[in-house]
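# Analysis of the macromolecular model
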Amino acid sequence: MFRYLPSIVAFIALSIAPLVQASYSIDHIDLMTTLEQDNLIKANLFRVDAKIKTPYQNQSAVRPITGASLLAKLNTPVKGLSFMTQLYQPYANSIVYTQYPWQEASMRSIALSLTGAYRIPDTGFSFSGSVDWVKVRQVSLSLGSGNGHLGIGDSPLARLTSEGSSPMSNSYHVAAGYQYDPLALKLLLSYHAKAGYQHHLTQNFFVSGKHPSEITFDAQMGISPTTLLTTGVMYNQYKGSNVYLNGPSPHTPFQLTHFGNSAAYKVGVGHKLSQTLSMGLGLQYSPGSSKTGDDFLSPTNGSTAIQLGLNYKLASATVSTSYSSVYFGDKIVGPSSPEIAYLSSILYNSFNSGVQPFNPTLAFKNSRANIPSVTVSYRY
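Only a predicted model underlies this, so the values are computations on that prediction, with no experimental measurement involved.

Turning our attention to the side chain of Ser322. Relative to the helices and strands, Ser322 resides in strand 20 (residues 317–328). We classify Ser322 as buried; its relative accessible area is 11%. A distance of 3.5 Å separates polar atoms of two side chains, one belonging to Ser322 and the other to Gln307.

See the structure below:
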């Protein structure tokens, strides 16, 4: 009865919840597509426009980020067996403090996943596994000066940028699902393993860290012939996934980030307005881990997101648009961690000159982000 209900709530916001807390997670592999029965091609484009300001600068410290993904799912002649591949951007950030604390960090990445899924005939149960290849392809890092100068050019270590090619890291997903078509019921539990990485920078330095592991549960069910309910939970283990600066200095490695674990909870409803048009409303909440911290790369504490989606269905294609408003929790950050303050003093020769670093706290309030998204899918 509910088999053809549209699942229109894309929940880009679920991927955005840890964006600023963890500074870089913006997109995920779409394992719910493995439960689709049709062959499918899907392309998604989104933009994260954050408004996170300090008392020292009117411009947002987190610069806009544009992301995209391309997915293809293909059934095989073997009943219940299908394969899916997805090209996406799992991690990215662009944080620039033109005033205190004079820090800058940016990163881009790209990932390719290959997934195999098998639905046990006549049972509704399915299992899937995927291998991911993730490459950090661009990094820029400037720790700024503790004595009140931006310092670009003041020291050969004022700005570290990507140099050469960095190795690709590998990870994997495993998932178990269940679906009951008469009720448009779909359940999926998945696990994404942690993976280490490193990226080469100028002057023989490099950054290293671990992409966090995560556990995700997604569910949807038809509650009327024209209405679909969706819900989900995601848990990320960021605490053991901090970023370090390594290099020839005897004072390295330095811990650049101090992440905490995070969780996100979502619920949404989609309603079919006509044979071609449907809409959806979603809410997502991520509780904060701490209202204070010393990491300027994590200037928020939890988030609440509201998302509105609209679907237009053609013969074999669907065009979906969504708009999310994310409201981040307030956070007081600073002084800088001892590692950052000490490294800044080394970079700008202020440690031995007796200059006392300017190192107050900053209150980040009323932070938010707007996330428009467009998805085009084709079934064949």
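As for its position among the elements, Lys239 is in the loop between strand 13 (227–237) and strand 14 (244–246). For the pair Lys239 and Gly260, spaced 21 residues apart in the sequence, the C-alpha separation amounts to 4.4 Å.

The next thing to look at is the pairing of strand 3 (residues 81–88). Burial along strand 3 is one-sided: the face carrying Ser82, Met84, Gln86 and Tyr88 is buried and the face carrying Leu81, Phe83, Thr85 and Leu87 is not. Note: strand 3 against strand 5 (residues 104–119), eight bridges, orientation antiparallel. Of the residues in strand 5, the one forming a bridge with Thr85 is Leu114.

As summarised here, the arrangement of the three strands in space is 18-21-22, forming an open sheet in which the pairing is mixed. What marks the edges here is a single partner per strand, and that holds for strand 18 (292–293) and strand 22 (362–364). Looking at chain direction, strand 18 and strand 21 (residues 331–333) are connected through two bridges and run parallel. In the sheet register, Gly293 faces strand 21, and the bridge partner there is Val333.

On to the environment of Ile306, then. Residue position: Ile306 is located in strand 19 (residues 303–313). Separated by 17 residues in sequence, Ile306 and Tyr323 place their C-alpha atoms 8.4 Å apart.

Before going further, it helps to spend a moment on the pairing of strand 13. Strand residues, when the strand is regular, have side chains that alternate between the two faces of the sheet. Both strand 12 (residues 213–224) and strand 13 contribute to a ladder of eleven bridges, which runs antiparallel. Within strand 13, the position partnered with Ala219 by the bridge is Thr231. The turn joining strand 12 and strand 13, which pair antiparallel and follow one another in sequence, is formed by two residues. Bridge analysis of strand 13 against strand 16 (residues 262–272) gives ten bridges, and the strand direction is antiparallel. Each bridged residue has a counterpart across the sheet, and for Thr231 the counterpart in strand 16 is Val267.

With that settled, the discussion passes to the packing of aromatic side chains. Evaluation of the coordinates by the stated rule reveals three aromatic pairs. Taken together, a centroid distance of 6.1 Å and an interplanar angle of 15 degrees make the contact between Tyr378 and Tyr380 stacked. Judged by its relative accessible area of 42%, Tyr378 is partly exposed. Note on Tyr380: relative accessible area 46%, which makes it partly exposed.

To continue, consider the sheet that holds strand 15 (residues 254–255). Strand order across the open sheet formed by four strands is 10-11-14-15, with antiparallel pairing between neighbours. If you trace the sheet from one side to the other, it starts and ends with strand 10 (195–200) and strand 15, each paired once. Two elements, strand 10 and strand 11 (residues 206–211), share six bridges in a ladder whose sense is antiparallel. Its bridge partner lying in strand 11, Tyr197 is registered against Gly209.

Right, let's get into unusual backbone geometry. Of note in this structure, Asp122 is not a glycine but carries a positive phi near 65 degrees. Relative to the elements of secondary structure, Asp122 occurs in the loop between strand 5 and strand 6 (125–142). Given the relative accessible area of 77%, Asp122 is considered exposed. Of note, Ala184 is a non-glycine position whose phi angle comes to about 55 degrees, a positive value.

Let's shift gears to the nonpolar core. Within the largest apolar cluster, 43 residues are counted, with the highest numbers of intra-cluster contacts made by Leu201, Leu245 and Phe364. Where this core is concerned, the elements lending two or more residues are strand 1 (40–51), strand 3, strand 5, strand 6, strand 20, strand 22 and strand 23 (368–379). Considering every element that reaches this core, the biggest residue donor is strand 6, with four residues. Discounting residues that sit within four places of it in the chain, Leu201 has contacts with Val139, Leu160, Thr161, Ser162, Glu163, Phe206, Val207 and Leu245.

So, about the side chain of Asn44. The residue Asn44 is located in strand 1 in this model. At a separation of 2.7 Å, a polar atom in the side chain of Asn44 contacts the side chain of Thr375.

This part takes up the environment of Met168. Residue position: Met168 is located in the loop between strand 7 (160–161) and strand 8 (169–180). Sequence separation between Met168 and Ile110 is 58 residues, and the spatial gap between their C-alpha atoms is 9.9 Å. Not counting residues within four places of it along the chain, the set of residues in contact with Met168 comprises Trp133, Val134 and Lys135.

Another point: the pattern of salt bridges. Per the stated rule, a full pass over the model turns up seven salt bridges. Here Asp49 and Lys51 are joined by a salt bridge, their closest N and O atoms 3.8 Å apart. Taken together, the shared-partner salt bridges connect Glu36, Asp38, Lys186 and Arg379 into one network.

Calculation rules
- Residues numbered from 1 in each chain as written.
- Predicted model: local features only at pLDDT ≥ 70, side-chain atom pairs only at ≥ 80, totals over all residues.
- Heavy atoms only, no water.
- Helix = DSSP H or I, 4+ residues; strand = E, 2+ residues; numbered from the N terminus.
- Buried < 20%, exposed > 50% of the residue type's maximum accessible area, 1.4 Å probe, protein only.
- Polar contact = N/O pair within 3.5 Å; in protein donor to acceptor, adjacent residues only side chain to side chain.
- Pairing = 2+ DSSP bridges.
- Phe/Tyr/Trp six-rings, centres within 6.5 Å; stacked < 30°, edge-to-face > 60°.
- Core = buried A, V, L, I, M, F, W, Y, C linked by side-chain atoms within 4.5 Å.
- Contact = heavy atoms within 4.5 Å.
- Salt bridge = Lys/Arg side-chain N within 4 Å of Asp/Glu carboxyl O.

As far as function goes, none of this settles anything; it's purely spatial.
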